[in-house]
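Each chain, letter by letter, is given below.
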Amino acid sequence: MIRHVLFIQYKDQATDVEVATSLANFEAIKSKIKGIESVEWGLNNSPEGRNKNYTHCVFMTFTNEVARDYYLPHPEHDVLKAQLGPILEDIIVFDYAL
């Protein structure tokens, strides 16, 4: 299995609707691309203040590296990135194998 973790910092001018749409797009992609076992997201609520302005995390699990590598150039992933790009201030992507 491959875990694909995204730490997201939205632009200040991103609306609540735009943010909600991007997160819904992440949730929906599981049904559009084979090999994605799960997708979840959360809003930072740590009291430590060490999130460096990253407010959201998306946590995806792929069946294996082949599935992750199939997802990356997939047209549905491109659609997701096109919607996210204009409202994205910064992102950290971190993958690891189990």
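Attention here is on the structure that accompanies the text. (Residues numbered from 1 in each chain as written. Predicted model: local features only at pLDDT ≥ 70, side-chain atom pairs only at ≥ 80, totals over all residues. Heavy atoms only, no water.)

1. Description of the sheet that holds strand β4 (residues 88–97)
So, step 1. The antiparallel open sheet is built from four strands, whose spatial order is β2-β3-β1-β4. Of all the strands in the sheet, the pair left with one neighbour each is β2 (36–43) and β4. The sheet shows a mean angle of 15° between the axes of neighbouring strands, taken without regard to direction.
So, step 2. Of the strand pairs in this sheet, strand β1 (residues 2–10) and β4 are connected by nine bridges, and their pairing is antiparallel. Within β4, the position partnered with Leu-6 by the bridge is Val-93.
So, step 3. Sheet strands touched by helix α1 (residues 16–29): β1, β2 and β3 (56–62). Its angle to β3, the strand with the most contacts, is close to 10°. (Pairing = 2+ DSSP bridges. Helix = DSSP H or I, 4+ residues; strand = E, 2+ residues; numbered from the N terminus. Axes fitted to C-alpha atoms, helices over the stretch in contact; angles between N-to-C directions. Contact = heavy atoms within 4.5 Å.)

2. Regarding the pattern of salt bridges
So, step 1. If you walk through the whole model with that rule in mind, you get four salt bridges.
So, step 2. Residue Lys-81 is joined to Asp-78 by a salt bridge in which the shortest nitrogen-to-oxygen separation is 3.4 Å. With Lys-81 and Asp-78 both in helix α3 (residues 75–84) and three residues apart, this pair spans about one turn of that helix.
So, step 3. Judged by its relative accessible area of 40%, Lys-81 falls in the partly exposed class.
So, step 4. A residue is classified by how much of its surface remains accessible, and Asp-78, at 39% relative accessible area, is partly exposed.
So, step 5. One network of salt bridges, with partners in common, ties together Arg-68, Asp-69 and Asp-95. (Salt bridge = Lys/Arg side-chain N within 4 Å of Asp/Glu carboxyl O. Buried < 20%, exposed > 50% of the residue type's maximum accessible area, 1.4 Å probe, protein only.)

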